[in-house]
Amino acid sequence: MTTALLMSVPQTAQAGPPNLISNPGFETAGTGDMPACWSKSGWGDNDFTFETVADAHSGTKAMKVSLTRRADGDRKALITETTACAPQVTPDRQYDLSLWYRSTTPDASVTLFRHDTTAGWQYWTDLKTLEMSAGYRRAEVRTPAVPPGTDRIAWGVSVYGTGSVTTDDYVMEEVSVPAPEPTCTGTPQECLKGRWDVLPVRNPVRSMHSVVMHNGKVLVIAGSGNDPALFEAGTFTSAVHDPATGTFKTIPTPVDMFCAGHVQLQDGKILIMSGNKGYPSADGSIGYQGLKDSFVFDPETETYTRTNDMNGGHWYPSATILGNGDVISFGGLKEDSTGNVTAEKFSAAQNKWLPMNEVNQTWSYWGLYPSMILMQDGRLFYSGSHTFGNGTPGTGASIYDYEANTITDVPGLQAKDERDESASVLLPPAQDQRVLTIGGGNNETNPVANRFTDIIDLKEPNPAYVHGPPLPHGEVDQGLGRRPQTGAEGKMYVSAVLLPDGKVFETGGALHDRADPVYEASFFDPVTNTYEAGLATDPVPRGYHSSSFLLPDGRVMSVGDNPGNGTYNHNVSIYTPPYLLKGARPQITSVIDGQWTYGDTQRITVDRPIAKAELIRPAAVTHSSDPNQRFVDLPMTVDGNNVDLNVTSNPNLAPPGWYMLFAVDANGVPSVARWVHLGGPPAMARAAADHPSAHVHDFADDLARAPKKPLKKRSSVAVDPQIAGCDRHYGNAGVCVPTTFPKTVARTTAARCAWLATHDYGRLKVNGADDPLRLDPNRDGVACGKGDVRRR
């Protein structure tokens, strides 16, 4: 890394068009043992040599970097990071880089650093994996658009496996990608803010879970749909929606998958784990109970097949796919309503959940739906987003190292115990290793949902959350019609969707737990760290048990809303972003190979120039949570309408499975996605000698806090049966009378009953003799009856 850089004394750069590289062929000697404007760089435990050799592509000199032993890290000859040597660049522009090389190792890549005018030199990205070549071979690749605040870049070839790479004749040229003249195809308002359409067909099931499958269809899962009557009847439902035809097909569902976990496996099947074994008891003494059951849904046959059971119940479990295709799961409630402290691992190779003694255990309770995001080195980042109650002890966010079996807190998350139903996403592109966490509240104390935005850069040696801009205000309906939000009012149950233009679309949400929908939508731009507020808003309220997700055609679909009064909204909304109203879209006219392997170069053809391409992992979302959602940049090599896409060598950046491939023009207009499969049998069949290893970087390795002390083995932790924030003394388990009313509601029978009436709770039975919220003073067994609120 930059801190390991061994500087050589530069000579005056001779940069200028067409080649911006000074001393591109190593012909000019420096004052030390490196050529002018070139320096030794790298990190890790390895044995290496740098040599200026006569084995040149042209001229008399070339640079050879060799590794004879490697435990970790890399070595690279890097353009010296000085104003005299590093080429000057212009933000938002792109540059074609090329070099000639010969290589005896598959583990080599073109690596880019950038100089931020405020923060200094920092790693930017890996662009291309170099194939082995006995003779000289030319490699060319285009940079992404230069980020704001960048004035210079430096680059070179990282060698991260034993062997050698000899390079010569570096070239860097500025390119201009033509932008078509945009033509508004909607109303002027729609072209600025996008458009929502409510479909004429309604969702036939009370879906709590949404999964976009690689055939373009959407699996929506209800189970019992938060309806105790359906649970008692054994009526469990799912449906498959086909956006192409606008139809829904109801699917037989074997168990109550209400509040299960789900993730897409590398073969495209959907792994669905746990669910609801039982609803809370009427007196509130027993809470929700988790299933051990696990199933796989096949998109082709549209059927569920049972796997082996998990080791315990996990109502509201996490589910994260790892770089090797395994799935790891944490948290949730056990069969007896206690908190589950065991990690579970699904083996891709064995196609089963592993016995507990084959899975590393910390005996930590991670809560419900903890957001566990896979990092580029295989560790997991717990972002602080979760469902119900307070976050984990400590700072509320941490890095979990499965191999070392350690948990280390990271600082900076605002209001860690008010991030219930917040959303966290790995920002585009995944190579940047930045996570955004937005909004949230607390169903135990029921404050006004917050506007907090927190951003963490996991490339930092000691990463910490920093404050981002507050969520934009919208309008809120508290039962008396919409009004503008004010002050600190934000939202929980927020949906965050990665879009093909590289922005994050946030939509939906509510001001309080299961009540008071907020109508607001915005784009978050990861390049500028700003919100574009005032987008068109979904006319349908989208709070608890809602979800929004990207479709392959670039639109966003939103389903669900399950307020505390037990109702459910079956309307389906579709958002058309402004980028689809700018005129004709670029088209991917061919994909040479739909089976992709790590480190490959894959050719596509397009009908006109594009500025970027990426893979987006399809959604598997519930309760504002989809930790596997990611946008993976595909650096391009462009030859007219032929575009070669360079696939990362690191499966931790893009875990194996099916992805949507988008091509995007200079106006941010995306193509319709083509489906490609990354990893799988073709990758495994390649000979180990020429298959590239993952290029893992030395990030987040200087954490200020020490790992937490290991916990003793235990079976569970106690969890309040009312963790869902609902007082079960009233109504049934599908109705949520809040244990704590919003602070604006006076602690009187009249005020509480007025709030319940405003929010359409209707007639509520009192379960048993207890009346903790004083909703039945006349003790007739009916909460908020006429006799309870009659003026005396």
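Residues numbered from 1 in each chain as written. Predicted model: local features only at pLDDT ≥ 70, side-chain atom pairs only at ≥ 80, totals over all residues. Heavy atoms only, no water.

Caption draft 1: Here's a closer look at the overall build of the protein chain. Regarding its fold elements, the protein chain presents five helices and 56 strands. Over its C-alpha trace the protein chain gives a radius of gyration of 28 Å, about what one expects of a compact globule, namely 28 Å for 792 residues. Expressed as lengths along the three principal axes of its C-alpha atoms, the size of the protein chain is roughly 100 × 60 × 50 Å. For the protein chain, with 792 residues in total, the buried portion stands at 62%. If you take every contact in the protein chain between residues at least 6 apart in sequence, the share linking residues at least 24 apart comes to 64%. As presented, the protein chain carries roughly 27800 Å² of accessible surface, and 51% of it is formed by carbon and sulfur atoms. Within the protein chain, one finds 68 positive and 87 negative side-chain charges whose respective centroids are separated by 5 Å. (Helix = DSSP H or I, 4+ residues; strand = E, 2+ residues; numbered from the N terminus. Rg over C-alpha atoms; globule rule 2.2 N^0.38 Å. Buried < 20%, exposed > 50% of the residue type's maximum accessible area, 1.4 Å probe, protein only. Contact = heavy atoms within 4.5 Å. Areas by Shrake-Rupley, 256 points an atom, 1.4 Å probe, with all protein chains shown as cover. Lys, Arg positive; Asp, Glu negative; His and termini not counted. Charge placed at Lys NZ, Arg CZ, Asp CG, Glu CD.)

Caption draft 2: Here's a closer look at the confidence of the model for the protein chain. For the protein chain, the mean per-residue pLDDT works out to 95, and 96% of the residues sit at or above 70. Segment residues 1–16: pLDDT under 50, and 44 contacts once partners within four positions in sequence are set aside and those in other chains are kept. Note on residues 681–687: pLDDT is under 50 here. Beyond four places in sequence and across chains, it has nine contacts. (pLDDT = per-residue confidence, 0-100.)

Caption draft 3: How the structure looks around the pattern of salt bridges. Taken as a whole and judged by the stated rule, the model has 32 salt bridges. For the salt bridge of Arg142 with Asp96, the shortest nitrogen-to-oxygen distance reads 2.8 Å. Linking Arg142 in strand S8 (residues 133–142) with Asp96 in strand S5 (residues 94–103), this pair joins segments that are 46 residues apart in sequence. Each member of the pair, Arg142 together with Asp96, is buried. The residue Asp454 makes a salt bridge to Arg419 at a minimum N-O spacing of 2.6 Å. Separated by 35 residues along the polypeptide, Asp454 in strand S32 (residues 453–457) and Arg419 in the loop between strand S29 (406–409) and strand S30 (423–426) bring together distant segments of the chain. With respect to class, Asp454 is no different from Arg419; both count as buried. (Salt bridge = Lys/Arg side-chain N within 4 Å of Asp/Glu carboxyl O.)

Caption draft 4: View of the sheet that holds strand S33 (residues 466–467). One open sheet holds the four strands; their spatial order is S30-S31-S32-S33, and the pairing between them is antiparallel. Among the strands making up the open sheet, the edge pair consists of S30 and S33. (Pairing = 2+ DSSP bridges.)

Caption draft 5: Representation of the nonpolar core. Within the largest apolar cluster, 39 residues are counted, with the highest numbers of intra-cluster contacts made by Trp38, Leu97, Trp155, Tyr170 and Met172. Looking at this core element by element, the count peaks at five residues for strand S9 (residues 150–159). Counting residues in hydrophobic clusters, the runner-up holds 37 residues, among them Ile588, Ala613, Leu615 and Leu703. (Core = buried A, V, L, I, M, F, W, Y, C linked by side-chain atoms within 4.5 Å.)

Caption draft 6: Inspection of the packing of aromatic side chains at higher detail. Under the definition given, this model contains 34 aromatic pairs. Ring geometry for Trp155 against Tyr170: centres 5.1 Å apart, planes inclined by 50 degrees, an arrangement best described as tilted. Of this pair, Trp155 sits in strand S9 while Tyr170 sits in strand S10 (residues 163–175), and the two are 15 residues apart along the sequence. Neither residue differs from the other here; Trp155 and Tyr170 are each classed as buried. An angle of 85 degrees between the planes, with centres 5.4 Å apart, marks the rings of Phe741 and Trp755 as edge-to-face. In this pair, Phe741 is assigned in the loop between helix H3 (681–685) and helix H4 (749–758) and Trp755 in helix H4, connecting sequence segments 14 residues apart. Since its relative accessible area comes to 7%, Phe741 is described here as buried. By way of ring pairs, the aromatic residues Phe231, Phe236, Phe258, Tyr279, Tyr288, Trp315, Tyr316, Tyr369, Phe388, Tyr493 and Tyr544 are connected into one cluster. Above the ring of Tyr519, the side-chain terminus of Arg482 is found at 3.6 Å from the ring centroid. (Phe/Tyr/Trp six-rings, centres within 6.5 Å; stacked < 30°, edge-to-face > 60°. Lys NZ or Arg CZ within 6 Å of the ring centre and 35° of its normal.)

Caption draft 7: Structural detail: H4. Residues Thr749, Arg752, Cys753, Trp755 and Leu756 constitute the buried set of H4. For H4, the buried positions fall inside an angular range of 155 degrees around the axis, keeping them on one side. Considering only its buried residues, H4 is in contact with strand S39 (515–519), strand S55 (764–765) and helix H5 (786–789). Of the residues trailing H4, Asp760 is marked for its positive phi of about 60 degrees. (Arc of directions from axis to C-beta.)

Caption draft 8: Structural view of the state of the cysteines. All chains considered together, the criterion is met by four disulfides. Two residues, Cys37 and Cys85, share a disulfide whose sulfurs are 2.1 Å apart. Between Cys37 and Cys85 the disulfide shows an S-S torsion of about -70 degrees. By sign, it is left-handed. Taken as a pair, Cys37 in the segment before strand S1 (38–43) and Cys85 in the loop between strand S4 (74–79) and S5 lie far apart in primary sequence, 48 residues in all. According to the relative accessible area criterion, Cys37 is buried, its value standing at 2%. With a relative accessible area of 3%, Cys85 lands in the buried category. Described in terms of the sequence order of its bonded cysteines, the disulfide pattern of the protein chain is 1-2, 3-4, 5-6, 7-8. Looking at Cys259, it has no disulfide partner, and the nearest cysteine sulfur is the one in Cys726, 11 Å off. (Disulfide = S-S within 2.5 Å.)

Caption draft 9: Representation of the sheet that holds strand S28 (residues 398–401) within the structure. With respect to topology, four strands assemble into an open sheet ordered S26-S27-S28-S29, the strand pairing being antiparallel. At either margin of the open sheet sits one strand with a lone partner, and together these are strand S26 (372–374) and S29. Strand after strand, the sheet turns through a mean of 25 degrees between neighbouring axes, direction not considered. Relative to S29, S28 runs antiparallel, the two sharing four bridges. By the bridge assignment, Asp401 is partnered in S29 with Thr406. (Axes fitted to C-alpha atoms, helices over the stretch in contact; angles between N-to-C directions.)

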